[in-house]
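# What the coordinates show
The lines below spell out each chain.
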Amino acid sequence: MDPVFLSRLQFAVATMFHFLFVPLTLGLSIIIAWMETQYARTGDKVYLQMTKFWGKLFLINFAVGVVTGITLEFQFGTNWSRYSEYVGDVFGSLLAIEASVAFFLESTFIGIWIFGWKKLSAKAHAGVMWLVAIAGNFSAVWILTANGFMQHPVGYTIRNGRAEMSNFFEVLFNKFGLLEIAHVLPSACLLAAFFVMGISAWHLLKKQHIDFFHRSFKIALVFGLVASLLTGFTGDLHGTHVAEVQPAKLAAMEAHWETKSSAPIIMFAIPDEDSGKNLIEIGSIPGLLSFLGFHDFNATVRGINDFPADERPPVLITFAAFRIMVGLGTLFIILMVYGWFRREKLMESPLFLKIMLFSIPLPYIAIEMGWVVAEVGRQPWIVYGLMKTSEAVSPIAGYQVMISLIAFIVIYGLLGGVGYYLIAKNAVKGPLPVKIHVKN
Amino acid sequence: MILQTIWFFLWGLLWAIFFMTDGFDFGVGTLYPVLGKSEEDKRAMINSIGPFWDGNEVWLITAGGVTFAAFPKVYAVMFSSLYTPLLLILFALILRGVAFEFRGQIENQGWKRIWDLCIFIGSFVPALLFGVAFANIFRGIPFDGQGIYHGNILMLLNPYGVLGGLLFLLLFMLHGANWLAMKTEGDLHERVTALAQKIWLVLVPVAVIFLVASAFATRLYDNYIKNPAFVLVIAISVISLLIVKFFLARREYFKAWCSSALTIVSCTFFGIIGLFPVLFPSLIDSKYHLTAFNDSSSPMTLTIMLGVVVIFIPVVIGYQMWTYKLFQGRLSKEEMEY
């Protein structure tokens, strides 16, 4: 029982499970804050109903997201103590700042939002939701900045046998981290928009609560359209930066084995890591990889075989995850643009509604695949170029990790099952009648 | 030196605030199966901590985060050597957190009973295990110069460790009972005030035994012998604990709660001052001790983090106090629904 492999698996389980809930929290909090603001401004009861209905789904999702977040902070110490010791000076401070400036705000004000309906005016209550939304997204900014350091470490110097901070602003404004923020936050909005549209589509297909869900759908559509375009745009920028600072990851993303100029993009391939080439290649577009990576059709792109054998990321997983993410991202843009032109004729577009209903899981898949590209593609490094994952693990016994891993899978499996069951149950029930609250 | 000393005590302060705030909701959750006879009782108990527990728990994240930022090696060795107890605490907190949200979702007795159990386990286990863990830290943890732990979870359950667990558990139960006494009325209120007195009666001897046992099991008193002025902290913890009884008898529950809060904070500082400058002592050899002076972050990180903490922690305390004010007083009928 290898503690490195088991700890990696446990971290993957804990992180990917947590990230099933976080994006919806990030995106939906903004959508709900917007709805509640409309209610506070206009007094239109339907907006209050929307706030309550989507708010209920939000809170179930929030609960699972928030409790599984504690795990992640703990895990750096429990399972990756060598890593924590080595980069804590830089990385630890980002996590501590996240807790003190963002997570506190989110967790305190969500309590006020849940219990404060009769304690606050409508405007103040909507303001509380904005604080929750801003704090949640700001929290993500710090976490992504921390991840940015792992991807492309800057602003540090090696002293006293560890990485110590040498320039705080370089760490904060690390281009890699900024691009991650610019890519992940809109993708969270996109996921939330698809969630709202998918559930709305279900009710519209059943021809119930038509006004309520038609309006919800249209609000989400605006968010979804903007978010899908932004996600695609920043994803492209991000890819160029990866080409520059993480050439091995880029090569793995594209299953690009041999260094050459005018490198092609291969639409479909079956990469084989043992022989160092693709077993099957279909649809090769010459020069495109050079162009996408370096904005020059003749640029030379380093191939995987050019890297030492112990510095190559797993190619098959990275390649496949990247293709799924980009394919789905393209689909989202198409659906959103189409939806925009059909927005007033939704009831006459049952096929589109059906597609949107069944599309609810797709952004979840895309966003998880994005993390697989980012994290698996960075291997064998835990901090790119600085520390290997195999050197980062705690001096703990494999059986300990095995037991905790099994416990995580069982508990998270149950939580996920119950959480999604409750979300589905409440989503199907539809909006309940509301009475206008008056502050005591 | 000064920077590291400041950070050592800030580190202690954050743990103390965590125990003070999350402590009373752990206490309420621990008393939940005892006091929660009817559905209304249970609803009242949950809603009394409903707006606060999540914000309180962030003090744990912050205490952990600050350990990571200011003393990375302490964070690394502490969390990896206490692997099993920390993960048990984590699972307990996870179950408790979702229980508050899930419980009311389905009107079914069996369903509610599952989450009732999770609320209890999720409050009882952390209250007990944090006590066990901290008593063991006071005593020393068997790890070597490489930060490798040579022990197992059963070794944490030595008599002094168990005593620490019991002390924390009773402290939090009293603190939670004071909170409930302040928030409830009627039959539940009568039962909780009677119970608070009983908890107090058990807690006082346990606290005395703990103070005495600390002289034998730990080196905490060395610092007090060197600087007798610090004995004041021990005096505060003893006096504030005695005063709780006085305020309970006078039915001044807010003051009783403030007193138990002070007891928890001063008890934490009893240990922190005794440890100084060691954050994580090794039981194997004192040369492996992780101290504020040998194992802190760089002066730059400590300075930046000090700036962040000095600005934002008062802000956090400010809006959390506003929350307590917003939801102050006994639970009204309207607040019973959610």
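Residues numbered from 1 in each chain as written. Chains lettered and ligands numbered in written order. Predicted model: local features only at pLDDT ≥ 70, side-chain atom pairs only at ≥ 80, totals over all residues. Heavy atoms only, no water.

Next up on the list: the overall build of chain B. For chain B, the helix and strand inventory stands at 13 helices and two strands. Against the 2.2 N^0.38 benchmark of 20 Å for 338 residues, chain B shows a C-alpha radius of gyration of 20 Å, consistent with a compact globule. Structurally, chain B occupies a C-alpha span of about 60 × 40 × 40 Å along its principal axes. Here chain B holds 338 residues, and the buried ones make up 62% of them. Only carbon and sulfur atoms are counted for the fraction: they give 71% of the accessible area of chain B, which is about 12,600 Å². Between the mean site of the 22 positive side-chain charges and the mean site of the 21 negative ones, chain B shows a separation of 7 Å. (Helix = DSSP H or I, 4+ residues; strand = E, 2+ residues; numbered from the N terminus. Rg over C-alpha atoms; globule rule 2.2 N^0.38 Å. Buried < 20%, exposed > 50% of the residue type's maximum accessible area, 1.4 Å probe, protein only. Areas by Shrake-Rupley, 256 points an atom, 1.4 Å probe, with all protein chains shown as cover. Lys, Arg positive; Asp, Glu negative; His and termini not counted. Charge placed at Lys NZ, Arg CZ, Asp CG, Glu CD.)

We now examine the overall build of chain A. Helix and strand counts for chain A stand at 13 helices and eight strands. Against the globule reference of 22 Å for 440 residues, chain A gives a C-alpha radius of gyration of 23 Å, in line with a compact fold. With respect to the three principal axes, the spread of C-alpha positions in chain A is 65 × 50 × 40 Å. Out of the 440 residues in chain A, the part that is buried amounts to 61%. Counted over contacts in chain A with a minimum sequence separation of 6, partners at least 24 positions apart contribute 78%. Entry remark: accessible area of chain A is about 16,600 Å², with carbon and sulfur atoms responsible for 68%. Positive and negative charge centroids in chain A, built from 32 and 29 side chains respectively, lie 16 Å apart. (Contact = heavy atoms within 4.5 Å.)

Residues and elements named next belong to chain A. By secondary structure assignment, the location of A133 is in helix 4 (residues 122-151). On the basis of relative accessibility, which here comes to 1%, the residue A133 falls in the buried class. For the pair A133 and A33, spaced 100 residues apart in sequence, the C-alpha separation works out to 7.3 Å. Dropping the residues within four chain positions of it, A133 is found in contact with S29 and I30.

Residue and element names in this part refer to chain A. With respect to the helices and strands, E368 occurs in helix 12 (residues 361-376). This buried residue, E368, is left without a salt bridge; R378 holds the nearest opposite charge, at 14 Å. Beyond its immediate stretch of four places on either side in the chain, E368 contacts M16, F19 and L20. (Salt bridge = Lys/Arg side-chain N within 4 Å of Asp/Glu carboxyl O.)

Looking now at helix 4 (residues 72-81) of chain B. Most of helix 4 of chain B is tucked away: nine of the ten residues are buried. Listed in full, the buried residues belonging to helix 4 of chain B are P72, V74, Y75, A76, V77, M78, F79, S80 and S81 of chain B.

Turning next to the environment of A40 of chain A. All names here are of chain A. Secondary-structure assignment places A40 in helix 1 (residues 3-42). According to the relative accessible area criterion, A40 is buried, its value standing at 18%. Residues A40 and H256, spaced 216 residues apart in sequence, show a C-alpha to C-alpha distance of 55 Å. Here A40 is in contact with A122, K123 and A126, once residues within four sequence places are set aside.

The geometry of helix 3 (residues 81-115) of chain A relative to helix 13 (residues 299-326) of chain B is characterised by a closest axis approach of 10 Å and an angle of 10 degrees between their N-to-C directions. Relative to helix 13 of chain B, the element helix 3 of chain A lies roughly parallel. Seen from helix 3 of chain A, the contacting residues are D89, S93, A96, I97, S100, V101, F104, L105, T108, F109 and I112 of chain A; seen from helix 13 of chain B, they are T301, M305, V308, F312, I313, V316, Y319, Q320, W322, T323 and L326 of chain B. (Axes fitted to C-alpha atoms, helices over the stretch in contact; angles between N-to-C directions. Parallel < 35°, antiparallel > 145°, perpendicular 65-115°, else oblique.)

Quick look at the pattern of salt bridges now. All names here are of chain B. All told, the structure shown has 25 salt bridges over all chains when counted by the stated rule. Here E39 ties to R103 by a salt bridge, and the two come within 3.0 Å at their closest N and O atoms. With E39 in helix 2 (residues 39-49) and R103 in the loop between helix 5 (83-102) and helix 6 (109-139), this residue pair connects regions lying 64 residues apart in the sequence. For R103, a relative accessible area of 1% translates into the label buried. Between E190 and R251 there is a salt bridge, with its nearest N and O atoms 3.6 Å apart. With E190 in helix 9 (residues 186-217) and R251 in the loop between helix 11 (231-249) and helix 12 (253-275), this pair connects stretches of sequence that are 61 residues apart. Exposure remark for E190: the relative accessible area of 42% places this residue in the partly exposed category. Several salt bridges share partner residues, and in doing so they unite E39, K42, R103, E107, K112 and D116 into one network.

To continue, consider a nonpolar patch on the surface. A cluster of nonpolar side chains, namely M1, Y399, M402, I403, I406, V410 and L414 of chain A, defines an oily patch on the protein surface of about 730 Å² accessible area. One can find L414 of chain A in helix 13 (residues 398-429). (Patch = residues over 30% accessible without salt bridge, like charges linked within 9 Å, V, L, I, M, F, W, Y side chains within 5 Å.)

All names here are of chain A. With four bridges joining them, strand 1 (residues 156-159) and strand 2 (residues 162-165) adopt antiparallel strand pairing. From the neighbouring strand, T157 faces strand 2, where its bridge partner is E164. In this antiparallel pair of consecutive strands, strand 1 and strand 2, the connection spans two residues, and N160 shows a positive phi of 55 degrees. (Pairing = 2+ DSSP bridges.)

At the junction of the two partners, chain A supplies 71 residues and chain B supplies 63 residues. Broken down residue by residue, the surface that chain A buries against chain B is led by F74, F104 and F115 of chain A, which jointly contribute 13%. The interface formed by chain A and chain B holds zero salt bridges in total. The tally of links between chain A and chain B comes to 16 residue pairs in polar contact (both at pLDDT 80 or more). Listing elements by their share of the side of chain A that touches chain B, those giving two or more residues are helix 2 (45-78), helix 3, strand 2 and helix 13 of chain A. In terms of residue count, helix 3 of chain A provides more of the side of chain A that touches chain B than any other element does, 26 residues in total. For the side of chain A that touches chain B, the class distribution of residues is 38 nonpolar, 23 polar and ten charged. (Buried area = accessible area lost by both parts, 1.4 Å probe. Polar contact = N/O pair within 3.5 Å; in protein donor to acceptor, adjacent residues only side chain to side chain. Nonpolar A, V, L, I, M, F, W, Y, C, P; charged D, E, K, R; others polar.)

Attention shifts here to the packing of helix 3 of chain A against helix 4 of chain B. At their nearest, the axes of helix 3 of chain A and helix 4 of chain B sit 8 Å apart, and the two run at 160 degrees to each other. The pairing of helix 3 of chain A with helix 4 of chain B is recorded here as roughly antiparallel in orientation. The element helix 3 of chain A and its partner helix 4 of chain B pack so that their crossing is right-handed. Every residue of helix 4 of chain B that contacts helix 3 of chain A at S81, S84, E85, G88 and D89 of chain A is listed here: P72, K73, Y75, A76 and S80 of chain B. (Left-handed = near helix turned anticlockwise from the far one by under 90°.)

In this section: the pairing of strand 5 (residues 277-285) of chain A. With seven bridges connecting them, strand 4 (residues 265-272) of chain A and strand 5 of chain A associate as antiparallel partners. By the bridge assignment for strand 5 of chain A, D272 of chain A is matched with K277 of chain A.

The next point concerns helix 3 (residues 53-70) of chain B. For helix 3 of chain B, built from 18 residues, the straight-helix expectation of 26 Å at 1.5 Å per residue is met to within 8% by its first-to-last C-alpha distance of 26 Å. For helix 3 of chain B, the tally of buried residues reaches 18 of 18 residues, placing the bulk of the element in the interior. (Expected span 1.5 Å × (residues − 1).)

This part covers the packing of aromatic side chains. Across all of its chains, the model carries 73 aromatic pairs over all chains by this definition. With 4.8 Å between their ring centres and 65 degrees between their planes, F408 of chain A and F91 of chain B make a pair best called edge-to-face. Of this pair, F408 of chain A sits in helix 13 while F91 of chain B is found in helix 5, placing the two residues in two different chains. Consider the rings of F18 of chain B and F19 of chain B, whose centres lie 5.3 Å apart with planes at 45 degrees: the pair is tilted. For the pair formed by F18 of chain B and F19 of chain B, the shared burial category is buried. Clustering of aromatic rings is evident, with ring pairs tying together W15, F18, F19, F26, F130, F134, F138, F168 and F172 of chain B. The ring of W381 of chain A has K388 of chain A lying over it, and the distance from NZ or CZ to the ring centre is 5.1 Å. (Phe/Tyr/Trp six-rings, centres within 6.5 Å; stacked < 30°, edge-to-face > 60°. Lys NZ or Arg CZ within 6 Å of the ring centre and 35° of its normal.)

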